[in-house]
Amino acid sequence: MPYSLDKLLVIGISSRALFNLEAEEAIFQHQGLDAYRQHQLAHENEILKPGAGFALVKALLKLNQLTPDNRLVEVVIMSRNSSETSLRIFNSIAHYGLDISRAVLAGGASLSSYLQAFNVSLFLSLHEDDVQAAINAGVASALLYQLAENVADLDQIRIAFDGDAVIFSDEAEKIYQLQGIEAFEQHERENAKKPLPEGPFARLLVALSYIQNNFKAPDGHALPLRTALVTARSSPAHERVIRTLRAWNIAIDETFFMGGVNKSAVLAAFKPHMFFDDQHGHCMHASSVVPTGRVPYKQ
């Protein structure tokens, strides 16, 4: 029987997001494909350093240790490399002991058209065109920022999310951007009991919640995974968020209504393996302390 990815949490990650390939990317951009090819072939036995998405992937793969006979997570390398230049990537995967066996090697072509074929739940990349195409196709996706220097190596998986335009739709965000804070707060007061529409990361949050609910300590706390909502919202816009998560039957472990305060200090204390936000400014600040991915708007 063919192996099915239908009931798994599938992470699609570009090779440049998993490993630090910035020097190689510079060779490609400034010297061309042939110089890049020669460089990769000449250095294919040199192990690459971890990239911006490495900590999250390493942590998520540990979930498979909870149920050795029933995998929960699969990771698929999705690269614009050709098979000829990919050995360095596979050698690095083996060096770090990452349980990754599947790959898409697109030979320079766009990766977004292969996301559905592998049932990808989350796509991470440093290539903006691929991330935008993935979001447009309805796949949770983020453009990763350069790796923070001090990434915590925690046994517990920690993931932090912004709210509007990430977990929730950008409906309220658009009102804020077009009409200002007073119109936004009035809209949220009037719709406090109406659940927010789903955003691009809503289904991913549901999948993570399922894992949390099935692996708990005797005191009821989730063992392998902890989530946080770090949102610029504050009272009176808090109520709709709380009621929405209640309607979705999702419990976020930690929630921070920041009210416009810089998120970096809270994120540094929470120590997530990844923080997802839709605002470039927030991501720039956050990326100095934790791994960060920007979620683009659907076009």
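Model, not experiment: these values are computed from the prediction.

Asker: Can you explain the environment of Ser121? Please cite residues and give values.
Answerer: Structurally, Ser121 can be placed in the loop between strand E3 (102-105) and strand E4 (122-125). With residues up to four places along the chain from it excluded, the contact list for Ser121 reads Leu8, Leu9, Val10, Val139 and Ala140.

Asker: Explain the pairing of E4 to me, using residue names and the numbers behind them.
Answerer: Of the two faces of E4, the one lined by Leu122 and Leu124 and the one lined by Phe123 and Ser125 are each fully buried. In terms of strand pairing, strand E1 (residues 9-13) meets E4 through 3 bridges, oriented parallel. Following the sheet pairing, Ile11 is matched in E4 by Leu122. In this sheet, strand E5 (residues 140-144) lies alongside E4 in parallel orientation, the contact comprising 4 bridges. Within E5, the residue paired with Leu124 across the bridge is Ala142. Tracing the backbone out of E4, into helix H6 (residues 128-136) and back to the parallel element E5 gives a crossover that is right-handed.

Asker: Just give me the short version of unusual backbone geometry, but keep the residues and values in it.
Answerer: Cis rather than trans, the peptide bond between Ser235 and Pro236 has omega equal to 15 degrees. Structurally, Pro236 is set in the loop between strand E7 (225-231) and helix H10 (238-247). We note that Asn249 has phi near 60 degrees; this positive angle belongs to a residue other than glycine.

Asker: Before we move on, can you summarise the nonpolar core with the specific residues and values?
Answerer: Counting residues in each nonpolar core, the largest one holds 55 residues, and the members touching the most others are Leu18, Phe161, Phe201 and Phe276. Broken down by element, the residue count for this core peaks at 6 residues, all from helix H4 (residues 54-61). Excluding its chain neighbours within four sequence positions, the residues that come into contact with Phe276 are Leu122, Leu124, Ala142, Ile159, Ala160, Phe161, Asp162, Val166, Phe201, Gly293 and Val295. Core analysis: the next-biggest nonpolar cluster, separate from the first, contains 15 residues, Val104, Ala106, Leu111 and Val120 among them.

Asker: Can you lay out the environment of Val206 for me, pointing to particular residues and giving the numbers?
Answerer: Along the chain, the position of Val206 falls in helix H9 (residues 202-214). For the pair Val206 and Ser101, spaced 105 residues apart in the sequence, the C-alpha separation amounts to 26 Å.

Asker: Report on the sheet that holds strand E10 (residues 292-294), specifying residues and quantitative values.
Answerer: Judged by pairing direction, the sheet is mixed, and its 10 strands sit side by side in the order E3-E2-E1-E4-E5-E10-E9-E6-E7-E8 without closing on themselves. Both outer strands of the open sheet, E3 and strand E8 (254-257), are each paired with one neighbouring strand and no more. For this sheet, the mean inter-axis angle between neighbouring strands, taken without regard to orientation, is 25 degrees. For E7 and E8, the ladder comprises 4 bridges, and the chain directions are parallel. Directly across from Thr231, in E8, lies its bridge partner Phe257.

Asker: Let's hear about the packing of helix H2 (residues 22-31) against helix H3 (residues 33-42): which residues, and what values?
Answerer: One can describe the packing of H2 onto H3 by two numbers: an axis separation of 7 Å at closest approach and a directional angle of 150 degrees. Between H2 and H3, the interaxial angle falls into the category roughly antiparallel. Contacts between H2 and H3 involve Glu24, Ile27, Phe28 and Gln31 from the former and Leu33, Ala35, Tyr36, His39 and Gln40 from the latter. Here the residues of the contact of H2 with H3 sort into 5 nonpolar, 3 polar and 1 charged.

Each value, and the rule that gives it
Residues numbered from 1 in each chain as written. Predicted model: local features only at pLDDT ≥ 70, side-chain atom pairs only at ≥ 80, totals over all residues. Heavy atoms only, no water. Helix = DSSP H or I, 4+ residues; strand = E, 2+ residues; numbered from the N terminus. Contact = heavy atoms within 4.5 Å. Buried < 20%, exposed > 50% of the residue type's maximum accessible area, 1.4 Å probe, protein only. Pairing = 2+ DSSP bridges. Right-handed = clockwise from strand over helix to strand, strands pointing away. Core = buried A, V, L, I, M, F, W, Y, C linked by side-chain atoms within 4.5 Å. Axes fitted to C-alpha atoms, helices over the stretch in contact; angles between N-to-C directions. Parallel < 35°, antiparallel > 145°, perpendicular 65-115°, else oblique. Nonpolar A, V, L, I, M, F, W, Y, C, P; charged D, E, K, R; others polar.

No statement about biological role is implied by the geometric values presented.
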